[in-house]
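One-letter residues, chain by chain:
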Amino acid sequence: MNRQELHTMAIKAREQQASCKHKIGVCCGAGCISIGAEEVLKKMQEDVKARGLESEVAVVPTGCMGPCNQGPLVKYLPENTIYQKVNAASVAEFNQAQLVEGKPILSSLIFADSRTKPFINAAEDPFFHKQLKIALKDCGELNPEDIDDYLVHGGYTALSKVLFQMSAEEVIAEMKQSRLRGRGGAGYPTGFKWETVYKYVSDQKYVICNGDEGDPGAFMDRSVLEGNPHRVLEGMAIAAFAIGANKGYAYIRGEYPLAIKRIELAIKQAKKIGLLGSNILGSSFSFEVEVRIGAGAFVCGEETALIASIEGKRGTPRPRPPFPAESGLWGKPTLINNVETFAAIVPIINNGGEWYSEIGTPKSAGTKVFALAGKINNAGLIEVAMGTTLREIVYDIGGGIQGEGQFKAAQTGGPSGGCIPASHLDVKMDYEALVSLGSIMGSGGLIIMDEQSDMVDVARFFMEFCMDESCGKCVPCRVGTKMMHDLLEKIYMGSATKLDLDRLEELAIYVREASLCGLGASAPNPFMSTLRHFREEYENKIQPEVQLVKGI
Amino acid sequence: MTTLDIYIDDKPLKVEPGKTILEVCRENDIDIPTMCHLDGLTDVGACRLCLVEIEGVNKLQSSCTTKVSANMVIHTQTERLKRYRRITTELFFAERNHICAVCVANGNCELQQLGYKVGMDHIRYPYLFPSCEVDTSHDYMVMDHNRCIMCTRCVRVCGEVEGAYNWDVMNRGFNVRIISDFNTPWGESGTCTSCGKCMHACPTGAIWPKSLSGEQLHKNPEMISELVKKRKMNL
Ligand SMILES: Cc1cc2nc3c(=O)[nH]c(=O)nc-3n(C[C@H](O)[C@H](O)[C@H](O)COP(=O)(O)O)c2cc1C
Ligand code: SF4
Ligand code: SF4
């Protein structure tokens, strides 16, 4: 297929869709599927057929729509009316109301149980209109199993533009101008990373998409892979073109069977019409992608461990330098980026780096996807511009704290991050602001806690996670996290003394500075940040010192 | 030959490019303790004893895996590094069962030496005392996991020097264990050649010969380094 044929194919697909008056999207993300979305989809298709409407109403599965704890979700387009908690038995009622009578069922609208007046056009609800969807733009809108639907949404035009209108240097310049930073946690500037790999001369280079997503409670990358797999593939292909690679790996954790299925399907579809493979769209650029399935170790998300895992070795990190950009997969220069990073490439190429760089804050451009969870009314998947305040996320988008509870803290960055107390609800969320509060952006886990939460318990929980997930290679992390966990447990149980807390603080700094990789280096963060903001909770649990022997 | 100018502990040195900081330090009698390093084996940077401070680099780097570069300013003996070496040593002792008085390696143990070197007078962390296996199934050697510090010298010497790949690592965190083949008794190994290199490479009393009867355990890790050197010369 060449460029013109791609264009024709997209027009055809668009015409075909235009012939339908309605589109019904049934959210088939892993969350909604787990509570019966597939049954709803089946019933929906049957009901539309029974009404003889299949030529004017398209019924499609979509990726995650966002409000995950209200599922299964069904969206009617063009009205953009979303219904929550839809079960298969009531499908006919919804179709009758929407398609025949044109009168929405108000009591089942999204957020009907928490808003006094729910919205018929879901886009007007603060949950949606306070968000800015770039990485997730078409997620929850298009059918992730249908490449035509992706083409209708402008798919593969960015790749086509890059292949025929841009040089590798120009792509890199565009990425640098966008000021996009890696969404996998550390926030390293993506354009600079691409440039570094580009500059190494080698007969072979690789692109790796990091879809290991091991943080407890995080599901941003899973949702992107499930909801819009072609977007990730296209981003990888553009990256490969820019750095001079012809082979890519999508490393996805084994606990994500649906994401694996959809990306594999997307690869097959793209290959079939020549969007992956040799001489893509008739250009001189060739690129293949293979999926590699992780076995669920948190540490395999760390880039050097991930590379070892792809090579078939035990997934343990190794000291850097050399960085993967110089010596990565099989010793070759390798670009490794996160799923969400790759999902941002296509809109940057289409709209320009300048456009992206104007969104967000001076040091953190663009948007960030968060997995909003915990004691919050509207839990789910959200995407906001960098610089959105925590208060807006919690109260406008999240709809406030569940029940009569009061906001106590937000935990960001999972086991590598920390807690933001209520006194900082107005923090503008970006990389720098979170670090200055002793937390990190991390990959996007955002857990909201109310006053019932015991902060020592929170620290103990995350330390237990790190202790269990430590690869066991280096001593500070292998033994240090175990000792720290035991000390936290002792404090939590009320049998520790001031000496134990001092020892814990000393160990925390040692583990942070002496560990080999980021897992150990950041494992003390939940403890250190809760100690910083909630020290009294630790001190309240400590036994008064009994001095038995002087001089020790 | 080109040389690089570097500073170690305020001393200017001219060194060959391509060397690690640890190599340079050893050549210049600068004492940096190590456990997982053994001359001749691939370095893994796991024990973290050899960490050094490099000016302009915000993270501590393991000197066994970091190559010298021009104008590097390195500090190897700061108070912080000494404190960390001591904590690491204490954690080694607390992790399993290191009661020297009842160990075959008493007096001939690199871990015991390390304790003296870093000035460890007591251990501030509770001994974890996991109950580990003692594998006596091999004809000539014993593997006592209670004395193992997971330095993986045995794993590397077996794979890289002997080429037998008998040893490997399983599990995660403090549950990691050295295993023979696919976690079967050493005596049933289909890969072990009984060469004894792992016993010599092992810095503690974890691997020892059954022939030991009354006389002191003698390990010769330098033999491994010599062997690797000679093989390189033959090539
Ligand atoms: C313990 C640990 C776990 C990590 N897990 C992930 C992960 O699940 N996904 C991810 O993209 N990056 C993860 N990272 C970060 C990666 O090492 C790497 O920095 C990232 O994939 C680079 O992509 P980016 O520049 O697009 O952020 C992890 C790092 C550490 C230390
Ligand atoms: S810090 Fe932890 S996870 Fe990382 S290498 Fe060390 S033991 Fe392994
Ligand atoms: S058995 Fe000896 S050489 Fe092997 S890892 Fe344990 S301490 Fe190191």
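Residues numbered from 1 in each chain as written. Chains lettered and ligands numbered in written order. Predicted model: local features only at pLDDT ≥ 70, side-chain atom pairs only at ≥ 80, totals over all residues. Heavy atoms only, no water.

Peer 1: Could you clarify how one ought to interpret a nonpolar patch on the surface in this entry?
Peer 2: All names here are of chain B. A contiguous nonpolar patch, built from Ile99, Val102 and Phe129 and spanning about 280 Å² of accessible area, is present on the exposed surface. Looking at where isoleucine 99 falls in the secondary structure, it is placed in the loop between α2 (79-95) and α3 (110-117). Owing to a relative accessible area of 35%, isoleucine 99 belongs among the partly exposed residues under this scheme. (Patch = residues over 30% accessible without salt bridge, like charges linked within 9 Å, V, L, I, M, F, W, Y side chains within 5 Å. Areas by Shrake-Rupley, 256 points an atom, 1.4 Å probe, with all protein chains shown as cover. Salt bridge = Lys/Arg side-chain N within 4 Å of Asp/Glu carboxyl O. Helix = DSSP H or I, 4+ residues; strand = E, 2+ residues; numbered from the N terminus. Buried < 20%, exposed > 50% of the residue type's maximum accessible area, 1.4 Å probe, protein only.)

Peer 1: Got a minute to help me understand the sheet that holds strand β3 (residues 51-54) of chain B in this structure?
Peer 2: What links the strands of a sheet is backbone hydrogen bonding, and the strands pair in either a parallel or an antiparallel sense. Residues and elements named next belong to chain B. Taken in spatial order, the 5 strands make up an open sheet running β2-β1-β5-β3-β4, and their pairing is mixed. A single partner strand is all that each edge strand has here, and the edge strands are β2 (11-15) and β4 (61-62). Sheet topology note: the β3/strand β5 (residues 73-75) ladder contains 2 bridges and is antiparallel. Paired with isoleucine 54 across the strands is isoleucine 74, a residue of β5. Sitting on the sheet, α2 touches β3 and β5, and the angle it makes with β3 is about 160°. (Pairing = 2+ DSSP bridges. Contact = heavy atoms within 4.5 Å. Axes fitted to C-alpha atoms, helices over the stretch in contact; angles between N-to-C directions.)

Peer 1: Hey, could you run me through the packing of helix α22 (residues 498-514) of chain A against α2 of chain B in this one?
Peer 2: A pair of packed helices is characterised by two quantities: the angle between their axes and the separation of those axes. Packing of α22 of chain A against α2 of chain B brings their axes to within 11 Å, and their N-to-C directions diverge by 100°. Accordingly, the angle class assigned to the pair α22 of chain A and α2 of chain B is roughly perpendicular. On the side of α22 of chain A, the interface is formed by Glu506, Leu507, Ile509, Tyr510 and Glu513 of chain A, while α2 of chain B contributes Arg80, Arg83, Tyr84, Ile87, Thr88 and Leu91 of chain B. Per-class residue counts for the contact of α22 of chain A with α2 of chain B are 6 nonpolar, 1 polar and 4 charged. (Parallel < 35°, antiparallel > 145°, perpendicular 65-115°, else oblique. Nonpolar A, V, L, I, M, F, W, Y, C, P; charged D, E, K, R; others polar.)

Peer 1: For this particular structure, what's the right way to read the domain arrangement of chain B?
Peer 2: When the parts of a complex come together, some accessible area is lost, and that lost area is often taken as the interface size. Residues and elements named next belong to chain B. Assigned domains of chain B: these are domain 1 (4-77) and domain 2 (102-218). For domain 1 versus domain 2, the distance between C-alpha centres works out to 27 Å. The junction of domain 1 with domain 2 conceals about 1000 Å² of combined surface from both sides, 64% of it contributed by carbon and sulfur atoms. Run the count over domain 1 and domain 2 and you get 1 salt bridge. Two residues, lysine 117 and aspartate 31, come together in a salt bridge whose shortest N-O distance is 3.5 Å. Applying the counting rule to domain 1 against domain 2 returns 6 residue pairs in polar contact (both at pLDDT 80 or more). Among the residues making up the side of domain 1 that touches domain 2, the classes are represented as 7 nonpolar, 3 polar and 2 charged. (Domains from an automatic or database assignment. Buried area = accessible area lost by both parts, 1.4 Å probe. Polar contact = N/O pair within 3.5 Å; in protein donor to acceptor, adjacent residues only side chain to side chain.)

Peer 1: How should the interface of chain A and chain B be read in this particular structure?
Peer 2: Facing 30 residues of chain A, the contacting portion of chain B comprises 33 residues. Of the roughly 2600 Å² buried between chain A and chain B on both sides combined, carbon and sulfur atoms contribute 59%. Of all residues in chain A, Arg478, Met483 and Tyr510 of chain A give up the largest surface area on contact with chain B, accounting jointly for 23% of the area buried on that side. Scanning the region where chain A abuts chain B turns up 4 salt bridges. Between glutamate 469 of chain A and arginine 172 of chain B there is a salt bridge; the shortest N-O distance is 3.3 Å. Remark: the boundary between chain A and chain B carries 15 residue pairs in polar contact (both at pLDDT 80 or more). Broken down by secondary-structure element, the contributors of at least two residues to the side of chain A that touches chain B are α19 (455-469), α20 (475-478), α21 (480-492) and α22 of chain A. Residue contributions to the side of chain A that touches chain B peak at 7 residues, all from α22 of chain A.

Peer 1: What exactly am I supposed to notice about the sheet that holds strand β7 (residues 288-294) of chain A here?
Peer 2: Residues and elements named next belong to chain A. Strands sit in the order β7-β6-β5-β8 across an open sheet of 4 strands; the sheet is parallel. The open sheet is flanked by β7 and β8 (334-338), the only strands paired with a single partner. Direction aside, neighbouring strands of the sheet carry axes that sit 20° apart on average. Here 7 bridges tie strand β6 (residues 247-253) to β7, and the two strands are oriented parallel to one another. By the bridge assignment, tyrosine 249 is partnered in β7 with glutamate 290. Lying on the sheet, helix α11 (residues 229-243) is in contact with β5 (206-211), β6, β7 and β8; it crosses β5 at an angle near 150°.

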